[in-house]
Structure formats: structure tokens, C-alpha cells
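# Topology and contacts: notes
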2 protein chains.
Amino acid sequence: MMANFTVALKELKDLLGDRLETSPSVRQHHAHDESFHQPAMPEAVAFPKSTSEVSEIAHICMRHHMPMLPFGTGTAMEGGVNAIHGGLSIDMSLMNKILSVSAEDMDCVVQAGVTRKQLNEYIRDRGVFFPIDPGADASIGGMAATRASGTNAVRYGTMREAVLSLTVVLADGKIVKTSSRARKSAAGYDLTRLFVGSEGTLCIICEITLRLHAVPEAISAAVCSFSSLKDAIDTVIETIQMGVPVARIELLDAVAIEAVNQFSHTDYPLLPHLFLEFHGTQQWVAEQAEIVKELSSEHQGGDFQWAFNTEERNALWQARHDLAYAARARRPNARIYSTDVCVPLSRLADCILETVVDITGTGFSMPIVGHVGDGNFHVVAAVDPSNAEELKVIDAFHDRLIRRALSVGGTCTGEHGIGQGKKSYLQEELPAGVDIMKIIKGSLDPDNLMNPGKVIDIE
Amino acid sequence: MMANFTVALKELKDLLGDRLETSPSVRQHHAHDESFHQPAMPEAVAFPKSTSEVSEIAHICMRHHMPMLPFGTGTAMEGGVNAIHGGLSIDMSLMNKILSVSAEDMDCVVQAGVTRKQLNEYIRDRGVFFPIDPGADASIGGMAATRASGTNAVRYGTMREAVLSLTVVLADGKIVKTSSRARKSAAGYDLTRLFVGSEGTLCIICEITLRLHAVPEAISAAVCSFSSLKDAIDTVIETIQMGVPVARIELLDAVAIEAVNQFSHTDYPLLPHLFLEFHGTQQWVAEQAEIVKELSSEHQGGDFQWAFNTEERNALWQARHDLAYAARARRPNARIYSTDVCVPLSRLADCILETVVDITGTGFSMPIVGHVGDGNFHVVAAVDPSNAEELKVIDAFHDRLIRRALSVGGTCTGEHGIGQGKKSYLQEELPAGVDIMKIIKGSLDPDNLMNPGKVIDIE
Ligand SMILES: Cc1cc2nc3c(=O)[nH]c(=O)nc-3n(C[C@H](O)[C@H](O)[C@H](O)COP(=O)(O)OP(=O)(O)OC[C@H]3O[C@@H](n4cnc5c(N)ncnc54)[C@H](O)[C@@H]3O)c2cc1C
Ligand SMILES: Cc1cc2nc3c(=O)[nH]c(=O)nc-3n(C[C@H](O)[C@H](O)[C@H](O)COP(=O)(O)OP(=O)(O)OC[C@H]3O[C@@H](n4cnc5c(N)ncnc54)[C@H](O)[C@@H]3O)c2cc1C
């Protein structure tokens, strides 16, 4: 696929001027995400400013058979931005305008390069907020492309629920709006959902209409330790089964707590913990907390340590969000290798407990952290990617973990996506499904120019 | 397209025996749904019992170029089951097994012919329920195929959120499972959501994994009258904007109330009403009701009339659900012509008020009823389909209504689907989107055998 793209680059330069970068440092920056996957440099990086410019870029790439690799903020976990077949990285960071906000309709329209923190900062005084929070300050486009979620998903859903409509550019440059702004629609095939989670392999997401939520009257967060993982997990399962609408319910095992303590200068006891948050009216928040407290004390949970004001709460969640960085910081020059299985709730305890035993067997210390209300958890390894022996051990562990999840009806990825690392597992998880994905990919991107080599392999 | 299907029918007879029906009465029954759309008989009706039988049926139809028309319970509103190009109706009513229920995981697997009431009856003692409730006792397969919703959608979402996974049969007989059972997944393209809402034009839905919800500790329903439509609507909008998680918030205008009173022997005052339901703990239900009561009294709402026990509640919602039948019953031999626009909340009041004026201009009396928490409302006409003059007036009204909705960013259909009636409006709503839908349809059903002539026109 590594053709000579001289003509394409000249046309792109004419279109974009300074906003086409070919310097090694910029290309290097776009060669990888936050994961351990081998970096792979694009030939150049484009910085479009508008949807129509993205469309023109696609026209040029299409004509010259140059792969197109959308780039958000490069915080993903599966090597999705890496230019494994060369091509043009399309960095969306200059498309960072918030186009409209309607507090009345509880929605907004943003360009793909807007980040989640930028958006929440902007709408802060409007009585609404955008809940989806992968730890990193990712771009909304990247989050839509990976079907991201995070700690709030148990209450507010994932990007699948958050996105009302998209404006995308296809491989041939066609601009497509996928849906109206209505909160509910039965108008034709659900193109919005088809493109959410397509990881840059079907289209470049340019604009996103997002559903916002009312800022709750009261928010309170708490931390609670347990003497065993099983107790913590059982508390979660019962909370969900009772239908308590917790806004966040996150599990950290003792290893994770140790990493957090070191990285974020906290001093939690070295035990499994739940990090919780409740949203609602004052009275309803108190009642939810009471219910969960009762469940947790039935499972020998410790006292709830409350974080009442905004700063304390932010510090608590920042510590949680930084877990991947905290794990990485435990080793010099390490890269993050995060697993991401998600299983039915009834199998969560077994799956995590078997995984703990498995981790011990590897000889590596790897924290477990999870959006456990959804059955989703991560084992976060800090690896030295140049150490083949080590990678082999972690790969084998990852393989066993995924098979464990698949064998109980789970998925190989709850929120990070397939990228380059999990293509064979997707095949195993949905063998007939992958055939259909290939047909759809082939029909929308016949020359396989959109992020080739990711999600599915086209022969 | 009306080919001679003698050979196909012989092969189908060999496969299905008595479960292939060619009698005029059975064919007639499968020629229409509950709407005014012109009936169109299929050549025959198949009653498969298993997914593999559906697959064999598709093989036969594919070989002989015989259109396939999935049939659930025939309660839909857009003429989706009508055999406008002839072919084989595939009635899913014998595929009515509930294959598994996990109260722990709050999910279940059902065959497509299971109806929503059958399912809720079956799981009644398990502490879980399935919330989606189009008025009719529709099949789960039909509901998935139309992306149905109903009164509970404001709290629990639509079939888009309710379906975790599907097993479908494609035009060529291939059996495809679309997703794992995990509550959250980022594993490849979202085939589940692509097929939910495809109205039988991409596949035959055979099995559905559904998300269930915990039965709330307390449920209470109330009815409240308002002196004006605007007051009722403003109460709804403020309730939603405050983030009160009402389980149901339904608007009925005075004409609708009159129809309900006649059909269901109630005696509500002839004023606009909200029908409400609250779910939660005892205390939280009381608090939610208090908040909404306060909002409604700011808008001159009347007293809340409570329905506390299950029978009273069921009677209340049955009356609401029967509205379409109530409207129809006002004229002998009438058929239902229901509109279905959905608009952003901030435009809802204007849109409904303009529509009221428009209705008056038509000279027909048509009730308005709405799932207004989502911005979705229906004007329900009872028409004599043989009266061309009358149909012309209602069609023109419908046309103006849809344009009114589209002009404020709404959709031509919130929950009924496109069927045969709204193809041109879909084109207007999502012009570039329809091109993509055609490409996808062409790639999965190249011979246009799956419910041809519905949703999109293939040249
Ligand atoms: C500390 C840390 C914690 C994290 N925690 C979570 C978590 O809790 N939940 C979670 O879901 N994720 C988490 N992540 C992963 C990551 O933040 C998410 O995957 C995020 O959605 C990636 O967004 P991005 O803008 O960085 O995308 P990138 O990394 O730039 O790109 C990711 C993929 O999306 C494609 N893409 C990017 N932008 C577009 C676009 N506009 N159009 C089409 N395709 C595009 C790329 O081609 C690539 O395939 C975490 C990451 C870190 C570093
Ligand atoms: C009184 C009344 C009130 C209603 N209220 C609502 C409401 O509030 N909300 C709402 O959403 N709808 C409502 N409806 C419409 C209707 O109930 C829904 O559209 C329902 O989802 C139709 O289901 P069904 O099984 O009857 O489908 P059918 O009418 O049999 O079929 C509908 C469409 O789906 C396709 N289909 C059916 N089964 C399958 C399958 N297994 N695989 C693939 N395609 C299939 C058909 O080909 C057709 O195109 C109402 C209808 C009535 C009569």
C-alpha cells in the first residue's frame, strides 16, 4: 500500500498550505496513541478547519489511493491512529468550535475536535452537562469514533446514547448528515449508530449533535473499602439489580489503590474500594446513598468517606481517571497495555476473581479497575514494548482473559474498541457479524482507504 | 416483480407442510396492518418455527426471486407488512418461545413472535419488567423492526436502547448474531442498531436479547387537566428540563379526551390532560410527584387524580393506549391514519399549537396525543380509505405537519417508521443519508427481496 504520494501531497499542500505538516516531529506525534502498540508514521498530517475542507481532503486521497487516518487527541488504547499502511493523518484539533448549545433542548452541536472538558467548561453556567468521561480529555469525535464511555455510563449511557446525529465525510468525500435533531426517531436505518464506534474505518466524523443532561441539584461522592473483592463486587451487583440509579460505581482493587496513592498522593488503605457518586435532589441523593450503604455494610464494607464539595469530588475522580497513568508511572519508559472485557453482571465476580489468580501467575503486578456497574473492567499493564518476552506473557494473559469473557457471553471490548489489537477476537466473538461488517465496509469504502488495517481485515 | 412463484411455493410446501398457507382468508389477514394503507395480498404465508427454518425459507425465496415480508402482529401504522410487490409473508407468531430470562443480569432472550404482554406476564414474578409499550400487544420482532417505543420511552428509552443483541436471517439465508450479551460493547460496527428499525428491509429478526429493568418499589400514576394546551406542554418541558425522571408523561388534547371518554367509559373533563407515572422508592416517587405538581400548578394545572393500585393504573393506561382505536370507533368502517412527528422540545408548544389551527382548517376532528417528554406527538385521523377526496385533505394536512416538524429540526417519524407512506419525507429529511441507506440495502440485499418498496425505493 505504501505508494508514492508525491502528487497527493502537492494537492493537499495547495489546499491547506501551512496546515499540511510533513515534519518528522509532527508525523511522529501522530504515529501512536497512549497504548503500547508499535508507532507507525503517516506520510503527512492535515489540519482541516471545516467539514468542506475534510471533504476536499478525502477527494484528493481517494483519487491518489492515499489512506486516511482520522486523529482526535490520540488518547485511545488500541493503536487506532497508527499509520500501519502509511497515509495521511487527519488531525481534527482545529475543528474545535462549539457550534450551538440549547439548554432548553438539552443538546448541542460541536465540531469533532472539541474536547469533553472544553465542552463542559463552555456549558457550565447553562444548567446542563455532558456526562461521558473517558479518563483522558479526549475529542468528542474520537469518543464517538470509539463508542467511548467511562465512569458515568452506568447512569447516562455511552456515546451510543449520547450522540443524536452526526455529520460525516465518507471515503469519496460525500458529506452525510445521519439524523435529525429529534430526541427519538424511526426514520430509516440508524446511520448514526452505524458510524458511532466505526473507529475511523467508515468515515471522518466532522460534527456531532450531543444529548446533554440537566445538572442535578445535588451530587455527592463517596469512597468505601472492602475486605475482599468479592464483597465489593457483590455490593455493585445488588445495587444495580435494585435499580438504584448510581451515577458512578467504580471498582479499584488493592493494587490499583496502591498505584493511585503513589501517583495522586492519596492514602487510601490498601484494600479493594468502590468509588461512588450519586446524582439527584438533596433528598433523593441521601436516600440512594442510604440504600447503597446498607448493601455495602451487609458485605462488610467500611465507612463511606464523603467528598462533598466540588474540589474534593474533582480530586477524587481525577485520581480515578489517572489510574492508567498511575499504573504506567510505576515503571520508567513503560507504555500502557489495557485490557477491556465486559461481561454479564452475574458472571462479573467469577470473571474478576479468576483473573486475579491469572494475574498472580504472570508474575506481573497489574491493577484492576472497572466500570463494574456495566460489567466492564480493565487490567492495566505497564509494559516495555521493546521486551518481546514480556509482551508475550501479557499477550497470553490477555488472550486467556478475553476467552474467559467470551465464554460467559461477554465482549472483548466494552469501550476501547478493536483497533489493531483485537481483530482476531472480534472475529471469534461475532464470526458471521464480521462478514457483514466487511460487506458494509466494502460498500462504503471500496478501496479500503479509511483507516485500513483497523477493526476488520479486508483481503 | 409479480413473477410466477409456483416452484418456490412447491419447495416451501415441502419444507413447511401445513405451515404454508395459501388460503385467501389467511393471505387477506396478512395484506395489511392497522393503518389505512391499501391492503396488498402476499402469494402465501409461511409460519416458521425456528431460525434455521427461516434461513431455509430465505434460501428458497432467494433462488426464486420471491419477495419476503416479515409479519409480527400486523399492528403497525405505515403499511409495512402489505405485499405491494407480492411475495411471501413470513408470519413469526409460532416463534413465540421465551428462550431464557436472567433476573440477575436483567436480560432475556426471546423469539421474534413473543409479544410484549406475553413477556411481561412471564417475568412478572422475577422482579424485572420490559418497559417498551406501543399501545398494541405487538411482537418483540415487529417492535425491534420498527424501532418502536411508547409511553415509557421518556424514562426507559426505545427499542434502540432495549435491544442488546439480535439473531437475524439475511436475504441469502445467512444467520447472523449481531452482538454479545454484554450491556456495553465497542466491538466493531453496531449491527444491532443497524437492524433495529430496518422494517424488514434488511433482514428477518428471529431472536432478540432484551435489556430488562428492576420493578420499582413504588409506582403511582396521576391524571391532571389544564385549561390550555400550552400550559400542559410547558409543564412537560419544564419537568424534562429539571431532569425529573418521569416514567410516563403523556399529553391528550380535549378531542382525545372526548374519544377516550366515549370508548373507555371514563368521564374526564373535556380539557387537555397530562397522564403521568412515577417510578422509584416510595419516598422518591412522592418527591417527584411533588415537583411536577408544583410545576403544573404554576401552569394552572388542576388537581392530580391518583391511580394507586394496579387495576386503576392499568385501566388508566389501557384507556390511553386505546386512543387510536377510540379515534377509529368514532366513525363506522374507518381506518387509522396516524401522524408521528417528533421535534426538539423547545419547538414542541409552537408546533402543536400551529397544528391545532391547521386541524381546524381541515374540517375534520382529529385528536392529538403525544409522548411529549420526547417531543413526539400523533394526530390520529379516522379515515374512509375509499374516499379519495377525504384522503387528499388528510394527506395535505400530513404534508404540512411534516414540513412544520422538519423546518424546526424534527423528524417525520418518532416511532412508527417509514413503511410505504413516508419514503419521500425520509428523502427530504436525510437526502444524503438515503443514498447511504440505499448502498447498504444494495450490499446486503442485492436483489431487493426483503420487503421491497418499503423505507427506500431501489431503482
Ligand atoms: C488515562 C486514560 C483513561 C482512559 N479511560 C477511558 C475510559 O474510561 N473509557 C473509554 O471509553 N476510554 C478511555 N480511554 C481511551 C480514550 O480516551 C478513548 O478511546 C477516547 O474516546 C479516544 O478519543 P481521542 O480523541 O483521543 O481519539 P484518538 O485516539 O485520536 O482516536 C481513536 C480512534 O478514533 C478514530 N477517530 C478519532 N477522531 C475521529 C473522527 N473525528 N472521525 C472518525 N474517526 C476518528 C481514530 O482514527 C482512531 O481509530 C482512556 C485513555 C486514557 C489515556
Ligand atoms: C392502538 C395502537 C397504538 C400504538 N401505539 C404505538 C406507540 O405508542 N408506539 C409505537 O412505537 N408504535 C405504536 N403502534 C404501532 C405498532 O404497535 C408498532 O409499530 C409495533 O412495533 C408493530 O409491531 P408488530 O409486531 O405488530 O409489527 P407488524 O405490523 O407485523 O410489522 C411492522 C413492520 O416490521 C416488520 N417486521 C415485523 N416483524 C419482523 C421481524 N421479526 N423481522 C423483521 N421485520 C419484521 C414488518 O415487515 C413491517 O415492516 C400502535 C399501534 C396501535 C394499533
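Because the structure is predicted, anything quoted here is derived from the model rather than measured. (Residues numbered from 1 in each chain as written. Chains lettered and ligands numbered in written order. Predicted model: local features only at pLDDT ≥ 70, side-chain atom pairs only at ≥ 80, totals over all residues. Heavy atoms only, no water.)

### What to know about the nonpolar core
- Membership of the largest hydrophobic core comes to 246 residues, with the highest contact counts inside it found for Met159 and Phe195 of chain A together with Met159 and Phe195 of chain B.
- Residue contributions to this core peak at seven residues, all from helix H15 (residues 388-407) of chain B. (Core = buried A, V, L, I, M, F, W, Y, C linked by side-chain atoms within 4.5 Å. Buried < 20%, exposed > 50% of the residue type's maximum accessible area, 1.4 Å probe, protein only. Helix = DSSP H or I, 4+ residues; strand = E, 2+ residues; numbered from the N terminus.)

### Brief notes about the relation of the copies chain A and chain B
- Superposing chain A onto chain B requires a rotation of 180° together with a translation of 0.0 Å along the rotation axis, leaving an RMSD of 0.0 Å. Put plainly, the chains are arranged around a two-fold axis.
- Residue by residue, 99% of the interface of chain A is reproduced at the interface of chain B, so both copies engage with the same surface. (Least-squares fit on C-alpha atoms with pLDDT ≥ 70 in both. Contact = heavy atoms within 4.5 Å.)

### A few points about the packing of helix H9 (residues 229-241) of chain B against helix H11 (residues 282-298) of chain B
Residue and element names in this part refer to chain B.
- It is the contact of H9 with H11, at a shortest axis distance of 9 Å, that shows an interaxial angle of 145°. In this structure, H9 crosses over H11, and the sense of that crossing is right-handed. Every residue of H11 that contacts H9 at Thr235, Glu238 and Thr239 is listed here: Val292, Leu295, Ser296 and Glu298.
- The class makeup of the residues in the contact of H9 with H11 is two nonpolar, three polar and two charged. (Axes fitted to C-alpha atoms, helices over the stretch in contact; angles between N-to-C directions. Left-handed = near helix turned anticlockwise from the far one by under 90°. Nonpolar A, V, L, I, M, F, W, Y, C, P; charged D, E, K, R; others polar.)

### What about the site of ligand 2?
All names here are of chain B.
- Looking at ligand 2, there are 38 residues lining it, with Pro70, Gly72, Thr73, Thr75 and Ser139 nearest.
- Contact distances for ligand 2 include 2.6 Å between an oxygen atom and a backbone N or O atom of Pro70.
- For ligand 2, an oxygen atom lies 3.3 Å from a polar atom in the side chain of Asn451.
- For ligand 2, whose unbound accessible area comes to 970 Å², protein coverage reaches 97%.
- Secondary-structure elements contributing two or more residues to the shell around ligand 2 are strand S3 (68-71), helix H5 (140-146), strand S10 (203-211) and helix H13 (323-329).
- Considering each element in turn, the shell around ligand 2 owes the most residues, five residues, to H5.
- Taken together, the residues of the shell around ligand 2 sort by class into 18 nonpolar, 17 polar and three charged. (Near = heavy atom within 4 Å. Polar contact = N/O pair within 3.5 Å; in protein donor to acceptor, adjacent residues only side chain to side chain. Areas by Shrake-Rupley, 256 points an atom, 1.4 Å probe, with all protein chains shown as cover.)

### Things to note about the packing of aromatic side chains
Residues and elements named next belong to chain A.
- This structure, assessed with the given rule, holds 13 aromatic pairs over all chains.
- Taking the centre distance of 6.1 Å and the plane angle of 70° together, the rings of Phe275 and Trp317 count as edge-to-face. Separated by 42 residues along the polypeptide, Phe275 in strand S14 (residues 273-280) and Trp317 in helix H12 (residues 310-321) bring together distant segments of the chain.
- The buried category is assigned to Phe275, whose relative accessible area is 0%. (Phe/Tyr/Trp six-rings, centres within 6.5 Å; stacked < 30°, edge-to-face > 60°.)

### Section: H12 of chain A
Residues and elements named next belong to chain A.
- Relative to the 16 Å expected for twelve residues at 1.5 Å per residue, H12 spans 16 Å between its end C-alpha atoms, a close match to the ideal helical length.
- Turning to H12, its buried residues are Arg313, Leu316, Trp317, Ala319, Arg320 and His321.
- If you check the start of H12, you find a side-chain oxygen 3.2 Å away from the backbone N of Glu311, and it comes from Asn309. (Expected span 1.5 Å × (residues − 1).)

### Some points on the environment of Ser407 of chain B
All names here are of chain B.
- Residue placement: Ser407 occurs in helix H15.
- Taking the C-alpha atoms as reference, Ser407 lies 28 Å from Ser227; in sequence the two are 180 residues apart.
- At 2.9 Å, the side chain of Ser407 and the backbone oxygen of Arg404 are in polar contact.

### Concerning the environment of Glu428 of chain A
Residue and element names in this part refer to chain A.
- On the secondary structure map, Glu428 appears in helix H16 (residues 423-429).
- Note on Glu428: relative accessible area 37%, which makes it partly exposed.
- As a C-alpha pair, Glu428 and Val408 span 20 residues in sequence and 13 Å in three-dimensional space.
- Residues in contact with Glu428, not counting those within four places in the same chain, are Arg403 and Leu406.

### Considering the interface of chain A and chain B
- Between chain A and chain B, the residue contacts involve 80 residues of the former and 79 residues of the latter.
- Both sides together, the interface formed by chain A and chain B hides about 6,500 Å², and carbon and sulfur atoms give 61% of it.
- Among the residues of chain A in contact with chain B, Lys184, Ala186 and Tyr189 of chain A are the three that bury the most area, contributing 15% of the side total.
- Our enumeration of links across chain A and chain B arrives at four salt bridges.
- Here the side of chain A that touches chain B gets nine residues from one element, more than from any other, and that element is helix H17 (residues 431-444) of chain A.
- Looking at the side of chain A that touches chain B residue by residue, the class counts come to 33 nonpolar, 28 polar and 19 charged. (Buried area = accessible area lost by both parts, 1.4 Å probe. Salt bridge = Lys/Arg side-chain N within 4 Å of Asp/Glu carboxyl O.)

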